[in-house]
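Residue-level structural notes
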Amino acid sequence: MEVQVAQCTERLLRQEKEIKFLTAEIDRLKNFECLGVSPSLEGLREENAKLKYRLNILQKSLREERNKGEPSKGMININKCLQDIFGMAIKSAYPELENPPLLVTPSQQPRFGDYQCNSAMSITQILLKSKDQKVSPREIADQIARNIPDNECIEKVEIAGPGFINVHLKKDFVSKQLSNMLINGVQPPAVGERKKVVVDFSSPNIAKEMHVGHLRSTIIGDSMCRLFEFVGYDVLRLNHLGDWGTQFGMLIAHLQDKFPDYLTVSPPIGDLQAFYKESKRRFDTEEEFKKRAYQCVVLLQSKNPDFLKAWKLICDVSRKEFQKIYDCLDITIIERGESYYQDRMADIVKEFEERGFVQVDDGRKIVFVPGCSIPLTIMKSDGGYTYDTSDLAAIKQRLFEEKADAIIYVVDSGQAVHLQTVFAAAQMIGWYDPKVTRVTHAAFGVVLGEDKKKFKTRSGDTVRLIDLLEEGLKRSMDKLKEKGRHKVLSPEELKAAQTSVAFGCIKYADLSHNRINDYIFSFDKMLDDRGNTAAYLLYAFTRIRSIARLANIDEGTLQKTARTTEIILDHEKEWKLGKCILRFPEILQKILDDLLLHTLCDYLYELATTFTEFYDNCYCVEKDRQTGQIVNVNMWRMLLCEATAAVMAKGFDILGIKPVQKM
């Protein structure tokens, strides 16, 4: 087998070399000034046509060789396939164009086919500007269409309007892809080489409770991680806790006064928030306490064992409270707070000084970054470090020690200027090249109340996250009982449905909005089972799953059927659903590019409504009208039900939502 693989590889390499040579030859023939002789135009055209024909044959042969290998179990990104096909067609038709525009999108209406290639209009503009050639988009579209190579997915193309190329897919290709998905499961599409991705999210402050403001970072960051993990990236989920700084001086000083034996007896701090408020009040009103708080900070930073123990005790109390939230929301995250980077701070300051980037301003060491309005303060006048220093230390550690290919900061929009300055400073000093390493601020807006003001309690306090989650559980149970679900579900099933709806609705309400915008938090809207909500989608999912169960068809039977039964797509609603299911990989690719998760929510809602259209028009299970007995099961349609549910389940998983089989 190894010999065959080696021989095949050698043939592939030879063919690829010849393709490169022939492509260069076509380019040379296009430009006949470079030829030593002046051949007749007819002869030139003939040779050019022969070369193009030979090039097409070789490319087809190359694709066939590649397809002979182990078939991929991953879902195919049809949009990407079409881009490759049209990329080759444009290159054949217009070899002189460098990086021609590739615009392939799903068609909005069935009469315009399944996909559209809209490159012709852009190419018209390029030819006009670069070569002063006036060619109509329709003529260009015709040339592209004539040069489409043989492929397995396109049935036919039609040129419409000013130069749109409408693409009709082959039904057997779509049917085959659906069968492959059912046999192999919902596997990730090919997205290139494996990457190391660091995601910085959640990041609450020690001694302060998590509030509604932390909800967005936690939910959005977790969902991004789930997507990166699904496509096979190596993901490091980091919780950049606020676990260091001057506030610990006042907390430790207050701890010493309130629990003097804290070193031997663990202090029973029940309410850390109240404890923090007490210490802050004393810090603001008692001068002697304030002085002692500053001394505590110095002793903590010098790693005095007693003060380190006090710091750890306070951190542990917070950690337990945070973990309750993470357990509720099913969040996995590695703690790596500001304290982790303390020993790296001096080296950061030294490196910026040695490179000549540091200026001294009133005792502070600051760094001006070109194009940024506010300088970074990397050392205070008292010799202490700042958030700027720890963020620079963090980005350097992630780039050089973690060897990250991408670092995503899921932080609110208010930090945009600060983070852009940190990124620009890291580029300025040469730590990374943005063309090679992706460093992105995935910003998000604030959570608003139904009055469209910042979400607060009636007394004007920030909403505690744990209270919000408990309210969600109560409301979801009320909703389930209102629908009489407690009468048909077992206590265990009811509890699972309550948790699924409560936390699923809170997550989905956030993720279904464009993260860049503010969004209004409303339990009534998110628990509504009509429209684009988790409640609607979770109910739709359980209904789809129940179809096979009520027809007495188990998972094993469906698996066996997927291997032996062709999925027929003759009805327009079958065809529409089949194509919608297979758009899943291109949706994921879009989110990998722009990190906007509401696209996945919109897709899942579209999939659920497309399924409803299909189910209302196409009988899956046929029953006797008098007796209600099942008389016929259309198995290919049961497979479409299963494929829909499988993609929805994977979509839920990426969003961090847990569906249930019964609701």
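Since we're looking at a predicted model, the values are computed, not measured.

We now examine the overall build of the protein. Within the protein, the regular secondary structure consists of 23 helices and 16 strands. Expressed as a percentage of its 663 residues, the buried residues of the protein come to 48%. Summing over all exposed atoms, the protein offers an accessible surface of approximately 33,400 Å²; the carbon and sulfur share of this is 50%.

Once that is clear, we can look at the pattern of salt bridges. Under the defined criterion, the tally for this structure stands at 41 salt bridges. With a closest N to O distance of 3.0 Å, aspartate 284 and lysine 280 form a salt bridge. Here aspartate 284 pairs with lysine 280, and both are found in helix α9 (residues 272–285), just 4 residues apart, close to one helical turn. Assessed through its relative accessible area of 33%, lysine 280 is described here as partly exposed.

The subject of this paragraph is the sheet that holds strand β10 (residues 376–379). Reading across the sheet, the 3 strands line up as β8-β9-β10 and stay open at both edges, with antiparallel pairing between neighbours. Looking at which strands have only one partner, the edges of the open sheet turn out to be β8 (358–361) and β10. Each strand of the sheet is rotated relative to its neighbour by a mean of 40 degrees, with strand direction disregarded. The pairing of strand β9 (residues 364–367) with β10 spans 3 bridges and is antiparallel. What sits directly across from isoleucine 366, in β10, is threonine 377.

Glancing now at the nonpolar core. With 170 residues, the main nonpolar core has Leu82, Phe86, Leu215, Phe228, Phe521 and Phe584 as its most contacted residues. If near-sequence neighbours (up to four positions away) are discounted, leucine 215 is found in contact with Leu329, Leu465, Leu468, Ile506, Asp510, Tyr519 and Phe521.

With parallel pairing, 5 strands are arranged side by side in an open sheet as β7-β6-β5-β11-β12. Of all strands in the sheet, those bounded by a partner on one side alone are β7 (334–335) and β12 (438–441). Note: strand β5 (residues 196–200) against strand β6 (residues 234–239), 5 bridges, orientation parallel. Among the inter-strand pairings, aspartate 200 is bridged to a residue of β6, identified as leucine 238.

What follows is about the side chain of serine 500. With respect to the helices, strands and loops of the structure, serine 500 is situated in helix α16 (residues 491–511). A distance of 2.5 Å separates a polar side-chain atom of serine 500 from the backbone oxygen of lysine 658. Those residues within four positions of serine 500 in sequence are excluded, and the remaining contacts are Cys505, Leu538, Lys658, Pro659, Val660 and Met663.

On to the pairing of β9. Here β8 runs beside β9; their pairing, made up of 4 bridges, is antiparallel. Counted as the bridge partner of valine 360 is lysine 365 from β9.

Right, let's talk about unusual backbone geometry for a bit. Among all residues except glycine, the phi angle is most often negative; among peptide bonds, the trans geometry is most common. A positive phi angle, near 75 degrees, is found at serine 202, a position not held by glycine. Secondary-structure assignment places serine 202 in the loop between β5 and α7 (212–230). Residue class for serine 202 comes out buried when judged on its relative accessible area of 4%. In this structure, lysine 303 takes a positive phi of about 65 degrees despite not being glycine. When you line up the elements, lysine 303 lands in the loop between α10 (287–301) and α11 (305–329).

Here we take up the side chain of histidine 240. Among the structural elements, histidine 240 can be located in the loop between β6 and α8 (247–258). Filtering out sequence-adjacent residues up to four positions away, histidine 240 remains in contact with Asp200, Phe201, Ser203, Arg336, Gly337, Glu338, Tyr341, Asp391, Ala394 and Arg398.

Here helix α14 (residues 416–428) spans 18 Å end to end across 13 residues, near enough to the 18 Å set by a 1.5 Å rise per residue. Along α14, the residues that are buried comprise His418, Leu419, Thr421, Val422, Phe423, Ala424, Ala425 and Ala426. The secondary structure elements touched by the buried residues of α14 are α12 (345–354), β10, α13 (387–400), β11 (406–409) and β12. Glycine 430 sits one or two positions beyond α14 and adopts a positive phi of about 90 degrees.

Time to look at the packing of aromatic side chains. Where two aromatic rings form a pair, the distance of their centres and the angle of their planes describe that pair. Summed over the entire model, instances satisfying the criterion amount to 14 aromatic pairs. Judged by centre distance (5.7 Å) and plane angle (80 degrees), the ring pair of phenylalanine 541 and phenylalanine 652 falls under edge-to-face. One end of the pair, phenylalanine 541, is in helix α18 (residues 534–550); the other, phenylalanine 652, is in helix α23 (residues 635–655), and 111 residues separate them in sequence. Taken as a pair, phenylalanine 541 and phenylalanine 652 share a single burial class, namely buried. In textbook terms, an aromatic cluster arises when at least three aromatic residues are bridged by ring pairs, as seen for Phe352, Phe357 and Trp431. Across the ring face of tryptophan 575, the terminal group of lysine 171 is positioned such that the distance to the ring centre comes to 5.5 Å. Sitting over the ring of tyrosine 340, arginine 336 keeps its end group 4.6 Å from the ring centre.

Cut-offs used in this document
- Residues numbered from 1 in each chain as written.
- Predicted model: local features only at pLDDT ≥ 70, side-chain atom pairs only at ≥ 80, totals over all residues.
- Heavy atoms only, no water.
- Helix = DSSP H or I, 4+ residues; strand = E, 2+ residues; numbered from the N terminus.
- Buried < 20%, exposed > 50% of the residue type's maximum accessible area, 1.4 Å probe, protein only.
- Areas by Shrake-Rupley, 256 points an atom, 1.4 Å probe, with all protein chains shown as cover.
- Salt bridge = Lys/Arg side-chain N within 4 Å of Asp/Glu carboxyl O.
- Pairing = 2+ DSSP bridges.
- Axes fitted to C-alpha atoms, helices over the stretch in contact; angles between N-to-C directions.
- Core = buried A, V, L, I, M, F, W, Y, C linked by side-chain atoms within 4.5 Å.
- Contact = heavy atoms within 4.5 Å.
- Polar contact = N/O pair within 3.5 Å; in protein donor to acceptor, adjacent residues only side chain to side chain.
- Expected span 1.5 Å × (residues − 1).
- Phe/Tyr/Trp six-rings, centres within 6.5 Å; stacked < 30°, edge-to-face > 60°.
- Lys NZ or Arg CZ within 6 Å of the ring centre and 35° of its normal.

Functional significance is not addressed by these values, which are geometric in nature.
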